[in-house]
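The chain contents come next:
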Amino acid sequence: MSENDAVEEIIICQDVCKWFGDFQALKNCSLRVQAQEVVVIIGPSGSGKSTFIRCINRLEEHQAGDIIVDGIPLTRDVRNIEQIRSEAGMVFQQFNLFPHLTVMENITLAPIQVRKMKKEEAQETAMGLLNRVGIPEQADKYPGQLSGGQQQRVAIARSLAMSPKIMLFDEPTSALDPEMIKEVLDVMQELAETGMTMLVVTHEMGFAREVADRIVFMDAGEIMEVGTPEHFFTNAQHERTKLFLSQIL
Amino acid sequence: MTTAAGTPSDRSVLPVTERYTLLGWVRRNLFSDLFNSLLTIVALAFIVFVARLLLRWAFVSAEWAVIPANFNLIMRGQYPAVEAWRLWLVIYLLGTVVGVSWKLISGQFSGAARVLIAIPFALMFVPFFSMGTRLYLLITVVAASTGYLVAGFLPIQRRGRAVAYLILAYLIVMLILLRGVGAEEGPMPPVQPILWGGLLLSLLLAFFGITLSFPLGVLLALGRQSKLPAIRVISVVYIEFIRGVPLISLLFMGQVMLQLFLPDGFPLVDRVLRALVAITLFSAAYTAENVRGGLQSISRGQYEAAQALGLSTFQSTLHIILPQALRAVIPVLVGQFISLFKDTTLVALVGIFDLLGIARTIIANPDWLGTHPEVYAFVAVLFWIFSYSMSYASRRIEQRLGVGER
Ligand SMILES: Nc1ncnc2c1ncn2[C@@H]1O[C@H](COP(=O)(O)OP(=O)(O)O)[C@@H](O)[C@H]1O
Ligand SMILES: [Mg+2]
């Protein structure tokens, strides 16, 4: 990026804290994500990765610190929350497709209901997205009739149908059989190449190395270390980062 | 299949002759060992014994004359004979509406529609129905089929919506036909609900009890899950109060107390309507509890996915949560509605002449002394036809809905 480019920080988290009862799940987490950046979050299980990205679209409420998404501060104000949610798509580990709706209906529901899009227009967009994730022929099936990899690709298309500025991924390949992981990662990589801002919790180090602009390492509710993939794989600073990487690689 | 023939499966162990014959089936299922054979013989003896008693009674000693003599009373109570054409019109229209809807939204509910159309057909074979009645039932079946065929040619875009409007329009027309409009001398003079009776009234009480209590029950179930404490408390108190009280006491309370709750000068509510209010309030509490079971079966991920897409609470409840929750509890709800249909007979105890109430007045009539077995048997057959149809229809709907789930 040249000096002249105005650096747009699309996600700003400043000293975010979150407690579940007495247990502090997030401790002063600060992170700034620029538009079009791909940030991968790694860390041991229970370290607060999910909690952190779920705070960004208010599936969890943080209790201290500031979160600003695309200039909108995340407060109790319901209008702000709804606006942020329609700008940030989320993909879950368990897909969470709507089992009673067809693939097409899964994708068009939110554009029609939230964006008030015409049905025909929404269906056209949906077909385009299904083409993009490589399963246009599955449009009229129900989620239960698809493989895990196909379901996750539908879930990605469903999020993209809202034309989000940011995509949040919470371990999108952890529930998949090994042979299906690649088809989902390929879709994500292609999405990254189109310039989507992405925050990805994953254990897929190959993906992190190849696609991430930066990697964030979390442990015990804290952001321990942030850096480029190169930095992480060649000269990680913290002992715990090194230990984690040695276990996972 | 070529492979199956060569492999020694369970089936090919049996001699070919016994595999599919009746005798083979009987031997395997009824006389597989000594104990099973004994059970079969004892059960058979018992069935023959009971059946003989029943048949002997039905064909030799029973005095069936009571049924045809009171047929109209059993069917429609005191509804005036000259106005009976309005009831048939209501039924023909229902047949047509079912036929049209079946065609328009064929798929998930076609099984249920087929059952609805089978009811008039089945009734044609009930003894004691006059030839005229059977003819009218046949017309109903024809109306339904015509509706089905004609609907195929209608250029309708939004079919679900069209059916919803059609049903709404039908309900209004039905009430106007039943109740009547205009002057006493007019073409459709009013018939006060207290004159409605017999099977007509039982079906109406059940139908409106179900359709009115269903939305109320769903709202109560949602209220019980609400984040707003006031709404939650009201829902819980209502549900637990109603569930702690027998229907019969609600019916009595409805008769004597409903008027006290209404503003001064409110016109006196008809007895039948008072009973309907009690039935509706009663059923809603049970619907609420059943629907709550469905709501609890929805995983948190569904709520989160809906939220993450920016759907409002109302939108996600309407499009994501309720459709799945209701689907999960269809069998329970139908069971509840069947009991409600049978429970409407309790209105007989507060002086309303539904099917059972009419039965009681007939056997109290000195002319028909001692005919209660005949009257009750006939009434039971009528109840059975409708209850069984409902449970059969629900099984069909379940099968259809199951398709997309797995
Ligand atoms: N709803 C909750 N209630 C209580 N504790 C929770 C809840 N969600 C997460 N936690 C706790 O917060 C910590 C961080 O969880 P999570 O963000 O899911 O970790 P990760 O995604 O890194 O595995 C864990 O110790 C977990 O037990
Ligand atoms: Mg997690």
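Quantities reported herein were computed from a predicted structural model and do not represent experimental measurements.

Calculation notes
Residues numbered from 1 in each chain as written. Chains lettered and ligands numbered in written order. Predicted model: local features only at pLDDT ≥ 70, side-chain atom pairs only at ≥ 80, totals over all residues. Heavy atoms only, no water. Helix = DSSP H or I, 4+ residues; strand = E, 2+ residues; numbered from the N terminus. Buried < 20%, exposed > 50% of the residue type's maximum accessible area, 1.4 Å probe, protein only. Contact = heavy atoms within 4.5 Å. Lys, Arg positive; Asp, Glu negative; His and termini not counted. Salt bridge = Lys/Arg side-chain N within 4 Å of Asp/Glu carboxyl O. Polar contact = N/O pair within 3.5 Å; in protein donor to acceptor, adjacent residues only side chain to side chain. Near = heavy atom within 4 Å. Areas by Shrake-Rupley, 256 points an atom, 1.4 Å probe, with all protein chains shown as cover. pLDDT = per-residue confidence, 0-100. Pairing = 2+ DSSP bridges. Buried area = accessible area lost by both parts, 1.4 Å probe. Nonpolar A, V, L, I, M, F, W, Y, C, P; charged D, E, K, R; others polar. Axes fitted to C-alpha atoms, helices over the stretch in contact; angles between N-to-C directions. Parallel < 35°, antiparallel > 145°, perpendicular 65-115°, else oblique. Left-handed = near helix turned anticlockwise from the far one by under 90°. 1 Å grid on protein atoms, 1.4 Å probe; cavity = no way out; pocket = protein on both sides within 12 Å on 5 of 7 lines; lining within 4 Å. Points joined across faces, edges and corners; volume = space filled by probe spheres on them.

> Any chance you could break down the overall build of chain B for me, citing the residues and the numbers?
The helix and strand tally for chain B stands at 20 helices and zero strands. Taking the principal axes of the C-alpha coordinates as reference, chain B spans close to 85 × 70 × 50 Å. Each of the 406 residues in chain B was classed as buried or not, and the buried ones make up 42%. Counting only contacts in chain B whose residues sit at least 6 apart along the sequence, the fraction spanning at least 24 positions is 72%.

> So what's going on with the side chain of E87 of chain A? Which residues, and what values?
Residue and element names in this part refer to chain A. Tracing the sequence through the fold places E87 in helix α2 (residues 78–87). Of the buried charged residues, E87 lacks a salt bridge, with K165 as the closest side chain of opposite charge at 4.3 Å. Dropping the residues within four chain positions of it, E87 is found in contact with D70, I72, P164, K165 and I166.

> Could you give me a rundown of the side chain of K49 of chain A, with the residues and numbers involved?
Residue and element names in this part refer to chain A. Examined against the element boundaries, K49 turns out to sit in helix α1 (residues 49–56). Buried charge without a salt bridge: K49, with E171 as the nearest opposite-charge side chain at an N-O distance of 4.4 Å. Within polar-contact distance, the side chain of K49 engages the backbone oxygen of G43 at 3.0 Å. With residues up to four places along the chain from it excluded, the contact list for K49 reads I41, I42, G43, P44, E171, V201, H203 and M218.

> Just give me the short version of the site of ligand 1, but keep the residues and values in it.
Residue and element names in this part refer to chain A. As a matter of local geometry, ligand 1 sits amid F20, F23, A25, P44, S45, G46, S47, G48, K49, S50 and T51. In the model, an oxygen atom of ligand 1 is placed 2.9 Å from a nitrogen or oxygen of the K49 side chain. Between an oxygen atom of ligand 1 and a side-chain N or O atom of S50, the distance comes to 2.6 Å. With the chains in place, 62% of the 560 Å² that ligand 1 exposes on its own is no longer accessible. Elements with a contribution of two residues or more to the shell around ligand 1: β2 (23–34) and α1.

> Pulling in residues and values, what's your account of the confidence of the model for chain B?
Residue and element names in this part refer to chain B. Averaged over all residues, the pLDDT of chain B equals 87, while 93% of them reach at least 70. Across chain B, element-level confidence peaks in helix α13 (residues 229–243) with a mean pLDDT of 96 and bottoms out in helix α1 (residues 2–6) with 41. Prediction confidence for the complex, expressed as pTM and ipTM, is 0.84 and 0.92 respectively.

> So what's going on with the pairing of strand β1 (residues 9–20) of chain A? Which residues, and what values?
All names here are of chain A. Where β1 meets β2, eight bridges bridge the pair, whose relative direction is antiparallel. Residue pairing across strands places C13 opposite L31, the latter belonging to β2. Connecting the antiparallel pair β1 and β2 is a turn made up of two residues, with G21 showing a positive phi of about 60°.

> Tell me about the interface of chain B and chain A, and please be specific about residues and values.
With 21 residues of chain B at the interface, the matching set in chain A holds 26 residues. Taken over both partners, the interface formed by chain B and chain A buries close to 2000 Å², and the fraction arising from carbon and sulfur atoms is 58%. The interface formed by chain B and chain A contains two salt bridges. Residue E60 of chain A is joined to R300 of chain B by a salt bridge in which the shortest nitrogen-to-oxygen separation is 3.7 Å. If you look at where chain B meets chain A, you find seven residue pairs in polar contact (both at pLDDT 80 or more). For the side of chain B that touches chain A, the secondary structure elements donating two or more residues are α16 (300–308) and α17 (313–328) of chain B. Counting residues per element, the side of chain B that touches chain A draws most heavily on α16 of chain B, which supplies eight residues. Considering only residue class, the side of chain B that touches chain A consists of seven nonpolar, nine polar and five charged.

> Which residues make up the packing of helix α12 (residues 198–224) of chain B against helix α18 (residues 330–343) of chain B, and what are the values?
All names here are of chain B. Running from N to C, α12 and α18 point in directions that differ by 140°, and their axes come no closer than 9 Å. Of the possible angle classes, the one that applies to α12 and α18 is oblique. At the point where α12 passes α18, the crossing takes the right-handed sense. Only L333, F337, L340 and F341 of α18 make contact with α12, whose side of the interface consists of S202, L203, A206, G209, I210, S213 and F214. Considered class by class, the residues forming the contact of α12 with α18 number eight nonpolar, three polar and no charged.

> Explain the sheet that holds strand β7 (residues 166–170) of chain A to me, and be specific about the residues and the numbers.
Residue and element names in this part refer to chain A. With mixed pairing, the six strands of this open sheet are ordered in space as β6-β7-β8-β3-β9-β10. Either end of the sheet is taken by a strand with one partner, and the two such strands are β6 (88–91) and β10 (222–227). Within the sheet, the average angular offset between the axes of one strand and its neighbour, ignoring direction, is 20°. Sheet topology note: the strand β3 (residues 38–42)/strand β8 (residues 197–201) ladder contains four bridges and is parallel. Note on β8: the bridge partner recorded for V39 is L199. The sheet contacts of helix α6 (residues 178–193) involve β3, β7 and β8, and relative to β8 the element is tilted by about 150°.

> Residues and numbers for the layout of surface pockets, please.
Looking at the second largest pocket, its volume works out to about 1100 Å³. K227, Y303, Q307, T313 and S316 of chain B are, among the 32 residues lining the second largest pocket, the residues nearest its centre. Elements with a contribution of two residues or more to the lining of the second largest pocket: α2 of chain A together with α12, α16 and α17 of chain B. With seven residues, the single largest contributor to the lining of the second largest pocket is α17 of chain B. Across the lining of the second largest pocket, the residue classes tally to 13 nonpolar, nine polar and ten charged.

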